[in-house]
Amino acid sequence: MSLPDFNLLITLDVLLTEGGVARAARRLRLSPSAMSRALARLRETTGDPLLVRAGRGLVPTPRALELRERVGQLVQSVESVLRPVEALNLKKLTRTFTLRNREGFVENFGPDLIAHVREQAPGVTLRFVPKVDKDSTPLRDGSVDLETGVIGDSMGPEVRAQALFRDRFVGVVRMGHPLSEAPVTPERYAGGSHVLISRRALYRGPVDGRFEALGLKPNIATIVSGFAEALALARSTDLIATVPERSTGRLRAGLFCFPLPFALPEITISLLWHPRLDADPAHRWLRECVRKVCMEQLAG
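A.B. asks: Quick question: what am I supposed to make of the sheet that holds strand S12 (residues 267-273) here?
C.D. replies: Sheet strands pair via backbone hydrogen bonds, and the direction of the pair is either parallel or antiparallel. The sheet built from five strands is open, its strands ordered S4-S3-S5-S12-S6 with mixed pairing. In this open sheet, the two edge strands, each paired with only one partner strand, are strand S4 (124-130) and strand S6 (160-167). Here the average twist between neighbouring strands, direction ignored, is 20°. In this sheet, strand S5 (residues 146-149) lies alongside strand S3 (residues 95-101) in parallel orientation, the contact comprising two bridges. Opposite Arg-100, over in S5, you have Glu-147 as the bridge partner. The strands touched by helix H5 (residues 105-120) are S3, S4, S5 and S6; relative to S4, the strand with the most contacts, the crossing angle is about 170°. Against the sheet, helix H10 (residues 281-299) makes contact with S3, S4, S5, S6 and S12, and its axis sits at roughly 50° relative to S3, the strand it touches most.

As structure tokens, this is what we get:
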């Protein structure tokens, strides 16, 4: 099935608005003969004469009167689609953005981000949802607008990414814990009881490779799925939690934090989004808001 010539919609709109071939030709900068040929094509396509002779002029048929308003609306819709994007008016922007993050992001950056966004765009709502895995499907299907985290192997190759900040793992214990009162060596660190953070119930953490290289084996007392749970246990027991420092700042309030007693590669926390939103002015503004808030808070 061949598609109709959609350019005929513009011609039909002008013909029905002007009510004559000569006036329509002038408006479209065509010759009268070219406009007459276009009218003939429209008659053939619609199966209706559209404009008929009445004395010295032309009058629309009932079908033409029926089409006039609909055609005008269609042409306006097409023009709005093809028109360049207008400047973003944040004060009039009404939109809900869904952000997917791991624990710590909302607690650390949420208050400042909400305040920053509301100050510039009062009609914008931020919806935060937990990040339970690294699957990029929510970005792809549009259920999530923006995401933060470490880039993983399961992420779709089309996903856009921009580094937000670098982070390092640190040890965390309660105040008064033996590790808070003397220098922490690899042996003392490995010799304590640990709470392991694993979303997939794996019995390996970020420091296991270093333990193995040193011939040490930590005692894993329990496994939890998130930072908040691990830090809550460290707060009320002698368990040791190993968490990313910058991502858990406010969650660690009142706890003793110490550098790990061996070198460990830093991780990069990135901002992630789907390319279909790459050029969207409102989405670009939101990305800049997140970057600004993270930079200002970490710098302070």
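A.B. asks: For this particular structure, what's the right way to read the nonpolar core?
C.D. replies: Among soluble globular proteins, nonpolar side chains are generally buried collectively. Leu-113, Trp-285 and Val-290 are the most contacted members of the largest nonpolar core, which has 37 residues in total. Listed by contribution, the elements that provide at least two residues to this core are S3, H5, S4, S6, strand S7 (169-173), helix H7 (186-191), S12 and H10. By residue number, the principal contributor to this core is H10, which donates seven residues. Each residue touching Trp-285, except ones within four places of it in the same chain, is listed here: Leu-88, Leu-90, Leu-93, Phe-97, Val-117, Gln-120, Ala-121 and Val-124. Within the second largest apolar cluster, 18 residues are counted, among which are Leu-39, Leu-51, Val-71 and Val-75.

A.B. asks: Please explain the environment of Tyr-189 as it appears in this structure.
C.D. replies: Along the chain, Tyr-189 falls in helix H7. Here the alpha-carbon distance between Tyr-189 and Arg-26, two residues 163 residues apart in the chain, equals 86 Å. Apart from the residues lying within four places of it in its own chain, the contact partners of Tyr-189 are Val-184, His-194, Val-207, Phe-211, Ile-240, Thr-242, Phe-258, Leu-260, Pro-261 and Phe-262.

A.B. asks: When you look at helix H1 (residues 7-18) in this model, what are you seeing that I'm missing?
C.D. replies: For the α-helix, the turn length of 3.6 residues means that residues three or four positions removed from each other point alike. With 12 residues, H1 should cover 16 Å at 1.5 Å per step; its first-to-last C-alpha distance of 17 Å lies within 8% of that length. Residues Leu-8, Thr-11, Leu-12, Asp-13, Val-14, Leu-15 and Leu-16 constitute the buried set of H1. With its phi angle positive at about 70°, Gly-19 sits one or two positions after the end of H1.

A.B. asks: Even after reading the chapter, I still don't get helix H3 (residues 32-46), so can you show me in this structure?
C.D. replies: Taking 1.5 Å of rise per residue, the 15 residues of H3 would be expected to cover 21 Å, and the 21 Å separating its terminal C-alpha atoms lies within 8% of that figure. Every buried residue belonging to H3 is among Ala-34, Met-35, Ala-38, Leu-39 and Leu-42, and all of these are buried. In an axial view of H3, the angular spread of the buried residues amounts to 140°, which keeps them on one side of the axis. Exposed residues pointing more than 90 degrees away from the buried face of H3 are listed as Arg-37 and Glu-44.

A.B. asks: Would you explain the packing of aromatic side chains in this entry?
C.D. replies: The way to describe two aromatic rings as a pair is by their centre distance and the angle between their planes. Inspection of every chain in the model, using the stated rule, returns seven aromatic pairs. Ring centres of Phe-109 and Phe-165 lie 5.8 Å apart, and the angle between their planes is 45°; on these two criteria the pair is classed as tilted. Placement of the pair is Phe-109 in helix H5 and Phe-165 in strand S6, with a sequence separation of 56 residues. For the pair Phe-109 and Phe-165, a shared accessibility class is recorded, and that class is buried.

A.B. asks: When you look at the state of the cysteines in this model, what are you seeing that I'm missing?
C.D. replies: A covalent bond bridging the sulfur atoms of two cysteines is what the word disulfide describes. Applying the stated criterion across every chain, the model contains zero disulfides. Counting only cysteine sulfurs, Cys-294 is the nearest neighbor of Cys-257, a cysteine outside any disulfide, at a range of 19 Å. For Cys-257, a relative accessible area of 27% puts it in the partly exposed group. Here Cys-289 is not cross-linked by a disulfide; its sulfur's nearest cysteine counterpart is in Cys-294, at 11 Å. Residue Cys-289 is classed as buried on the basis of its relative accessible area, which comes to 3%.

A.B. asks: Please explain the sheet that holds strand S8 (residues 193-197) as it appears in this structure.
C.D. replies: The five strands lie next to each other as S9-S8-S10-S7-S11, forming an open sheet whose pairing is mixed. Looking at the sheet topology across the chains shown, the edges are occupied by strand S9 (219-224) and strand S11 (256-259). With direction set aside, neighbouring strand axes in the sheet form an average angle of 35°. The pairing of S8 with strand S10 (residues 240-244) spans two bridges and is parallel. The residue of S10 that forms the bridge with Val-195 is Ala-241.

A.B. asks: Would you take a moment to explain the pairing of S8 for this structure?
C.D. replies: Successive residues of a regular strand alternate their side chains across the two faces of the sheet. Extensive coverage of S8 is indicated by the burial of four of its five residues. Examined bridge by bridge, S8 and S9 share five bridges and lie parallel to one another. For Ile-197, the partnering residue across the bridge sits in S9 and is Val-224.

A.B. asks: Sorry if this is basic, but what is going on with the side chain of Arg-252 here?
C.D. replies: With respect to the secondary-structure elements, Arg-252 resides in the loop between S10 and S11. One buried charged side chain, Arg-252, makes no salt bridge at all; its nearest oppositely charged neighbour is Glu-245, positioned 4.7 Å away. A polar side-chain atom of Arg-252 sits 2.9 Å from the main-chain carbonyl oxygen of Glu-245. If we skip the residues at most four places from it in the chain, Arg-252 touches Val-172, Leu-231, Arg-235, Val-243, Glu-245 and Cys-257.

So, how was this worked out
Residues numbered from 1 in each chain as written. Predicted model: local features only at pLDDT ≥ 70, side-chain atom pairs only at ≥ 80, totals over all residues. Heavy atoms only, no water. Pairing = 2+ DSSP bridges. Helix = DSSP H or I, 4+ residues; strand = E, 2+ residues; numbered from the N terminus. Axes fitted to C-alpha atoms, helices over the stretch in contact; angles between N-to-C directions. Contact = heavy atoms within 4.5 Å. Core = buried A, V, L, I, M, F, W, Y, C linked by side-chain atoms within 4.5 Å. Buried < 20%, exposed > 50% of the residue type's maximum accessible area, 1.4 Å probe, protein only. Expected span 1.5 Å × (residues − 1). Arc of directions from axis to C-beta. Phe/Tyr/Trp six-rings, centres within 6.5 Å; stacked < 30°, edge-to-face > 60°. Disulfide = S-S within 2.5 Å. Lys, Arg positive; Asp, Glu negative; His and termini not counted. Salt bridge = Lys/Arg side-chain N within 4 Å of Asp/Glu carboxyl O. Polar contact = N/O pair within 3.5 Å; in protein donor to acceptor, adjacent residues only side chain to side chain.

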